[in-house]
Amino acid sequence: MDANDMGDALERILISEQQIADKLQEMATQIDRDYRGREILLVGVLKGATMVMADLSRLIHTPLEIDWMAVSSYGASTKSSGVVRILKDLDSDLGGRDVLIVEDVIDSGLTLDWLTRNLSSRGASSVEIAALLRKPEAAKVAVDVKYVGFDIPNDFVVGYGLDYAEKYRNLPFVGTLAPHVYQ
Ligand code: 5GP
Ligand code: MG
Ligand code: MG
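Source: prediction; values computed, not measured. (Residues numbered from 1 in each chain as written. Chains lettered and ligands numbered in written order. Predicted model: local features only at pLDDT ≥ 70, side-chain atom pairs only at ≥ 80, totals over all residues.)

Description of the overall build of the chain
What counts is decided by this rule: Secondary structure elements follow DSSP: runs of H or I no shorter than four residues count as helices, runs of E no shorter than two count as strands, and numbering proceeds from the N terminus. Computation of the radius of gyration draws on C-alpha atoms alone. For the globule rule, the value is 2.2 Å times the number of residues to the power 0.38. Three exposure classes are used, based on other C-beta atoms lying within 10 Å of a residue's own C-beta, which is placed from the backbone: buried for 20 or more, exposed for 12 or fewer, and partly exposed in between.
Helix and strand counts for the chain come out as four helices and nine strands. Scanning the chain from its N terminus toward the C terminus, one meets helices and strands in the order β-α-β-α-β-β-β-α-β-β-β-β-α. Computed over the C-alpha atoms, the radius of gyration of the chain is 16 Å, within 12% of the 16 Å expected from 2.2 N^0.38 for a compact globule of 183 residues. A principal-axis box enclosing the C-alpha atoms of the chain has dimensions of 50 × 35 × 25 Å. By the burial criterion, 33% of the 183 residues in the chain qualify as buried.

Have a look at this one:
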């Protein structure tokens, strides 16, 4: 899917396919430097992190394994409540592992705050975060993110794994939707 398939649903492209690719290469280079001599367990958060995981993991040379979690916030609102429910847990035992959580976007930070605590409590040697996007203005809790792609404004974005009502995940770029789509 690309911008031409979107009719008038797309407002604008915020981060292009090329910008994403360049940034992921920078992040992978830094990760390889930091984890030299170790092995990484990449933990992706379904479903939004699928594209970042696929592309970032292929740029990392350090030996790694990939595992997935699915979580959901309690409560009816579309905003994170900070209370997280595990829908699908990891297959891996975390004892002694160097865990690197791979995320699409950090919004309030509540999900990742909960997740890092949860994974650390399982005996991981280290738990760090790599996120493609971060919205500094939306932060409700400070999360220590070691690898960040882009800081973006506090707008709802779609594409490159991120959905609106499960659509638009397959856009190769990150963009904003025209207001008529969600109003
Ligand atoms: P947080 O707990 O940081 O508030 O929210 C994290 C999750 O909310 C993200 O992993 C993502 O699934 C969803 N989310 C936050 N902001 C956006 C956005 O702008 N677009 C989309 N599609 N999902 C978002
Ligand atoms: Mg996510
Ligand atoms: Mg979503």
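Now that the structure has been shown, the text picks up again.
Considerations on the pairing of strand β6 (residues 126-134)
Rules: Strand pairing is assigned whenever DSSP identifies at least 2 bridges connecting the two strands.
Taken across its nine residues, β6 has seven buried, putting it largely inside the fold. Across eight bridges, strand β5 (residues 98-106) lies against β6 in parallel orientation. The residue of β6 that forms the bridge with Asp98 is Ser126. Across four bridges, β6 lies against strand β7 (residues 147-151) in parallel orientation. By the bridge assignment for β7, Ala131 is matched with Val148.

Quick look at the environment of Phe173
Definition in use: Think of it this way: build a C-beta for each residue from its backbone, and any pair within 7 Å is a contact.
With respect to the helices and strands, Phe173 occurs in the loop between β8 (157-158) and β9 (174-177). Taking the number of C-beta atoms within 10 Å as the measure of exposure, Phe173 has 19 and is therefore partly exposed. Between the alpha carbons of Phe173 and Glu137 there is a distance of 22 Å; along the sequence they are 36 residues apart. If near-sequence neighbours (up to four positions away) are discounted, Phe173 is found in contact with Ile13, Ile15, Ser16, Glu17, Gly159 and Tyr160.

Digging into the sheet that holds strand β2 (residues 40-46)
In plain terms, the rule: Angles run from 0 to 180 degrees between N-to-C directions of axes, and those axes are lines fitted to C-alpha atoms, restricted for helices to the stretch in contact.
Here six strands make up an open sheet; going across it, the order is β4-β3-β2-β5-β6-β7 and the pairing mixed. Each edge of the open sheet is held by one strand with a lone partner, namely β4 (84-88) and β7. Mean inter-strand twist for the sheet, computed between neighbouring axes without regard to direction, equals 30°. Inspection of the sheet shows β2 paired to β5 by five bridges, in the parallel sense. Bridging from a neighbouring strand, Gly44 pairs with Val102 of β5.

Points about the pairing of β9
Relative to β9, strand β1 (residues 10-15) runs antiparallel, the two being bridged by four bridges. Across the sheet, Ile15 pairs through a bridge with Val174, a residue of β9. Relative to β9, β8 runs antiparallel, the two sharing two bridges. Residue pairing across strands places Val158 opposite Gly175, the latter belonging to β9.

Section: helix α1 (residues 17-34)
What counts, and what does not: An expected span of 1.5 Å times one less than the residue number is assigned to each helix. Starting at the helix axis, one direction is taken to each C-beta atom, and the arc is that of these directions.
Relative to the 26 Å expected for 18 residues at 1.5 Å per residue, α1 spans 26 Å between its end C-alpha atoms, a close match to the ideal helical length. By the burial criterion, the buried members of α1 are Ile20, Leu24, Met27, Ala28 and Ile31. The buried residues of α1 all sit within an arc of 105° when viewed along its axis, so they share a single face. Exposed and facing more than 90 degrees away from the buried side of α1 are Gln18, Asp22, Glu26 and Arg33. The inward-facing, buried residues of α1 abut β1, α2 (50-57), β6 and β7.

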